[in-house]
Amino acid sequence: MGNKLFNYRLLHQFWRVGKLYWLSQQRWKAVALLLLLLCLSLLGTGLLIAVSIFLGEMESSLAAADKNRFYQAVIIFFGVLFIGVPIISLKVYIQGKLNLFWRQWLTDYFLNKYFYQQNFYRLTAYSEIDNPDQRIAEDIQNFTQQCLYFALVISDSILQLIGFSGLLWRISQPLMMFLIIYAIAGTVVTTIAFGRILVGINLEQLKREADFRYGLIRIRDNAEAIAFYQGEVVESQELWQRFGRVFSNFTRLIRWQLGLDLFQNSYQYITFLLPTLVLAPQILSGELEIGVSAQAGVAFRSILIALGLIVSQFEQLSALAAAVTRLDELQTVMHGAQNPTRPIGHPPDALGRELDFPVSPQNIGGLRGVIPKGRDGEGCTVLNWVEDACLSFQNVTLQTPDYQTVLVQDLSFTLTVGESLLISGKSGVGKTSLLRALAGLWEAGSGTITHPERSHLLFLPQRPYMVLGSLRQQLLYPHSDRVVAKDELLQVLQQVNLTNLVERTAVLDIVEDWGRVLSVGEQQRLAFARLLLQSPQYAILDEATSALDENNQTLLYELLQKTDITYISVGHRSSLRSFHRWMLELQGGGSFMLSLIEDA
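Here the residue numbering is sequential within each chain, running from 1 through the sequence in written order. Only residues with pLDDT of at least 70 are given local features in this predicted model, and only at 80 or more are side-chain atom pairs given and counted; all residues enter the totals for whole chains, interfaces and linings. As a rule here, side-chain values come from all non-hydrogen atoms in the structure, and water together with hydrogens is ignored.

Defined as follows: UniProt positions are given in the numbering used here, feature names are shortened, and annotations may be inferred rather than shown by experiment.
With an unreviewed UniProt entry as reference, the protein chain is termed ABC transporter ATP-binding protein/permease, source organism Nostoc favosum CHAB5714. The record held by UniProt for the protein chain lists under Subcellular location (unreviewed entry) the comment "Cell membrane".

As structure tokens, this is what we get:
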């Protein structure tokens, strides 16, 4: 029963992931290439049968010392090769092109879902799905490549089964019956003895390899901080623990592969002798020519490969099963990850087209942890977002994503155009969490948050994000294709006290790893330059000047006050009070105090 359920689930996963491309707008192009591949497979099978026949002819002619018959068989054999080699090569080329098209489409599909409504953030923050980057980068490639490989292997096997069965049946009916029993026995042994165990081990190996790679990436991204702390011993131990988990699982994997290889090799090598043993009495008695043995050997092994596909390809099948399971998990989670309070519809892809999956509260799956179950088993409430010209909180209660802690209780305020709000409080009371709720990143709670269009909002986090690109792209991010005069960019850099940066780089289009080149303070000033260039209606600043001295902080906020930007700041420094009209002090336990700051 367990194996049946497992097989059904796996087939369902193949269908869910596979249908995405083959039922898309690209399906006709894909089907045309697939039909061409099947035609080439048919021609290849015919040529293989012809090769086996003429190999037998050559052996029989040699045994009979018939020179003319031998030369004729050789000429025909080379003629078959002359035709067959281009067909086989073209088949490999078409298979590669179809695999490339399929991978391109699936990558585009998963990337669009990954970035739609900030799924990438929710997957990182809340989901139990591990390493979505590896699933998109590697599992898609493995899935498309292996699926096409097995599709062609199966089609070749069916064609060879049909073609060689007639040939083998004509040679020896007992040999044909023995072959069928032999293939069924090998398949049953492989499935029962190695089935689910190898699939599970391969799935776990993919996860552990990805965890180890992530640990290495994390060391690279935080190299300076680790060096300052002299934490290389701890980090090395952590990496060795991750690699130890990779090593132990891989050790288990190769043990099972050893058992599988022992069975597969003994199972397959015996086939070199079996046809001759079965046909030996008839050949020795003179009933059959010696060349029949070569024909029977080729036919026997070809049919055995067709019937024993699971035996010969089980290791690759288990790896494919692991890849499709991981892709199906990712698809299921992102398919249901949309906020139930947001509009129902079809998300656009990068080109503005609508994708072919609906977004609704009824979607199956979802990010585990985004809307968790309460202790009584019922679903918990979520915040409601309304798009409007103003920014306001109406009876908002904000909780941590696990619904165990109340950060703010029944908060209401409206920030009118041109005003400013300072959010303060001790560390850990929920200041940044309030901004996450405003951005739609946290949903746990109740009440309504009214906000303008996201294009009119700009968030400045404490550690600004530095893209991999030029200084010009840093200044214009996330609208890097916007055309702004060089003089205007240089002027803004001078305003935020980054003139030395311009002098250092000489031009704005030099590509650097700016996250490493610039100090955190310089990055924060660069973020303010972005803010001044984009001039949104609203700006949200989360400790955006924490790495700056008082003089630079004053300089930046004075520049901000001269604009028409309505802004909210999170900060600890008392000096920030003079640049804001309202103060919201979070006091912990859900309590707060909202007050008007007296004019300095």
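Further notes follow.
**Overview of helix H3 (residues 67-115)**
So the rule is basically this: Segments assigned H or I by DSSP are reported as helices when at least four residues long, segments assigned E as strands when at least two residues long, and all are numbered from the N terminus. Helices are assigned an expected span. That span is 1.5 Å times one less than the residue count. The angle between axes fitted to the seven-residue stretch ending at a residue and the seven-residue stretch beginning at it gives the bend at that residue.
The end-to-end C-alpha distance of H3 is 71 Å, a good match for the 72 Å that 49 residues give at a rise of 1.5 Å each. Its axis deflected by about 25° at Gly-84, H3 carries its strongest bend there, up to four residues before the proline Pro-86. Just downstream of H3, Gln-117 is the residue with a positive phi angle, here 50°.

**Observations concerning the side chain of Asp-542**
Rule in force here: Exposure is judged per residue with a 1.4 Å probe applied to protein chains only, and the accessible area is read against the type maximum: over 50% gives exposed, under 20% gives buried, and values in between give partly exposed. We treat Lys and Arg as the positive residues and Asp and Glu as the negative residues; His and chain ends play no part in the count. Counted as salt bridges are all cases of a side-chain nitrogen of Lys or Arg within 4 Å of a carboxyl oxygen of Asp or Glu. Contact between two residues is taken to exist if any of their heavy atoms lie within 4.5 Å; hydrogens are not considered.
Position of Asp-542 relative to the elements: it lies in strand S9 (residues 538-542). It turns out Asp-542 is buried and unbridged, and the closest side chain with the opposite charge, Arg-436, is 6.5 Å from it. In this view, Asp-542 contacts Thr-432, Leu-435, Leu-460, Pro-461, Gln-462 and Val-570; residues no more than four positions away in its chain are not counted.

**What to know about the sheet that holds strand S3 (residues 406-415)**
The following threshold applies: By this definition, two strands are paired if DSSP reports at least two bridges between them. Only the stretch in contact is used when a helix axis is fitted, and all axes are lines through C-alpha atoms; the angle between N-to-C directions ranges over 0 to 180 degrees.
Pairing within the open sheet is mixed, and its four strands lie in the order S1-S5-S2-S3. The sheet is open, and its two borders are formed by strand S1 (384-387) and S3, each paired with just one other strand. Adjacent strand axes in the sheet meet at a mean angle of 15° when their direction is disregarded. Looking at chain direction, S1 and strand S5 (residues 445-451) are connected through four bridges and run parallel. In the sheet register, Val-386 faces S5, and the bridge partner there is Thr-450. This element, helix H12 (residues 431-438), spans S1, strand S2 (391-399), S3 and S5 of the sheet and lies at about 120° to S2.

**Side note on the pattern of salt bridges**
This model, assessed by the stated rule, comprises eight salt bridges. Notably, a salt bridge pairs Arg-213 with Glu-138, separated by 3.3 Å at the nearest N-O pair. Of the two residues, Arg-213 is situated in helix H6 (residues 173-221) and Glu-138 in helix H5 (residues 132-171); the sequence distance between them amounts to 75 residues. Linking Arg-208 and Glu-204 is a salt bridge whose minimum nitrogen-to-oxygen distance equals 2.8 Å. One end of the pair, Arg-208, and the other, Glu-204, are both in helix H6, four residues apart, so they sit about a helical turn from each other. On the basis of relative accessible area, Glu-204 is assigned to the partly exposed category, the value being 26%.

**Topic: the confidence of the model for the protein chain**
Low pLDDT marks stretches whose predicted atomic positions should not be read closely. To be explicit about the condition: Think of pLDDT as the predictor's per-residue confidence, scored from 0 to 100.
The predicted model of the protein chain has a mean per-residue pLDDT of 76, with 75% of residues at 70 or higher. The low-confidence segment residues 1-6 (pLDDT under 50) makes four contacts with residues lying over four places distant or belonging to another chain. Residue range residues 338-378 is modelled with pLDDT below 50. Its contacts to residues more than four positions away, or to other chains, number 91 contacts.

**So, the pairing of strand S10 (residues 566-570)**
For a regular strand, the rule is simple: side chains alternate between the two faces of the sheet. Of all five residues that make up S10, five are buried, and the element is covered over most of its length. Residues Thr-566, Ile-568 and Val-570 of S10 are buried on one face, and the alternating residues Tyr-567 and Ser-569, pointing to the opposite face, are buried as well. Relative to S10, S9 is paired through five bridges, and the arrangement is parallel. Counterpart to Leu-541 in the pairing with S10 is Ser-569.

**Some words on the nonpolar core**
Note the threshold: What is meant by a nonpolar core is a set of buried Ala, Val, Leu, Ile, Met, Phe, Trp, Tyr and Cys residues, joined one to another through side-chain atoms within 4.5 Å.
By size, the foremost hydrophobic cluster in this structure holds 40 residues, and its most contacted members are Phe-528 and Leu-541. Secondary structure elements with two or more residues in this core: strand S6 (457-460), helix H13 (471-476), helix H14 (486-495), helix H15 (499-505), helix H17 (520-534), S9 and helix H18 (550-561). Here this core gets seven residues from one element, more than from any other, and that element is H17. Sequence-distant contacts of Phe-528, that is, excluding residues within four places in its chain, are made with Leu-460, Val-496, Leu-541, Ala-544, Thr-545, Leu-556, Tyr-557 and Leu-560. Membership of the second largest hydrophobic core comes to 39 residues, among which are Ala-30, Ile-94, Ile-136 and Val-324.

**Some details on the pairing of S9**
Of all the five residues making up S9, five are buried; the element is thus mostly covered by neighbouring parts of the structure. Neither face of S9 is exposed, since Tyr-538, Ile-540 and Asp-542 on one face and Ala-539 and Leu-541 on the opposite face are all buried. Pairing geometry for S6 and S9, over four bridges, is parallel. Note on S9: the bridge partner recorded for Leu-460 is Leu-541.

**Details of a nonpolar patch on the surface**
For clarity, the threshold we go by: Exposure above 30% relative accessible area and no salt bridge define the residues that can form patches, which grow by joining like charges within 9 Å and nonpolar side chains of Val, Leu, Ile, Met, Phe, Trp and Tyr within 5 Å. Each accessible area is a Shrake-Rupley result for a 1.4 Å probe, and residues are judged covered by the shown protein chains and nothing else.
On the surface, Trp-28, Val-31, Leu-35 and Leu-38 cluster together into a nonpolar patch covering about 400 Å² of accessible area. The residue Leu-35 is located in helix H2 (residues 27-63) in this model. Accessibility expressed as a relative area gives 48% for Leu-35, which makes it partly exposed.

**As for the packing of H14 against H17**
How we decide: Oblique is the label for any angle not under 35 degrees, not over 145, and not in the 65 to 115 range, which are roughly parallel, roughly antiparallel and roughly perpendicular in turn. Whether a crossing is left-handed or right-handed is set by the direction in which the near helix is turned from the far one by less than a right angle, anticlockwise for left-handed and clockwise for right-handed.
H17 packs onto H14 with a crossing angle of 130° between their chain directions and a minimal axis gap of 9 Å. In terms of their interaxial angle, H14 and H17 are classed as oblique. Viewed along their axes, H14 and H17 form a crossing whose handedness is right-handed. On H17, the residues touching Glu-488, Leu-489, Val-492, Leu-493 and Gln-495 of H14 are Leu-526, Ala-529, Leu-532 and Leu-533.

**Side note on the packing of aromatic side chains**
What counts here: Centre distance within 6.5 Å is the pairing criterion for rings of Phe, Tyr and Trp, where only the six-membered ring of Trp is used; planes under 30 degrees apart are then read as stacked, over 60 as edge-to-face, and the remainder as tilted. Only when the NZ of Lys or the CZ of Arg is both within 6 Å of the ring centre and within 35 degrees of the ring normal is a charge said to sit over the ring.
One pass over the full model with this rule turns up 16 aromatic pairs. When the ring centre of Phe-101 is taken as origin, the NZ or CZ atom of Lys-29, which lies over that ring, is 3.8 Å away.

**Comments concerning the environment of Arg-516**
With respect to the secondary-structure elements, Arg-516 resides in helix H16 (residues 514-517). Relative accessible area serves as the criterion here: at 49%, Arg-516 is assigned to the partly exposed category. Sequence-wise, Arg-516 and Asp-221 are 295 residues apart; in three dimensions their C-alpha atoms are separated by 9.4 Å. Residue contacts for Arg-516: discarding those within four places in its chain leaves Arg-220 and Asp-221.

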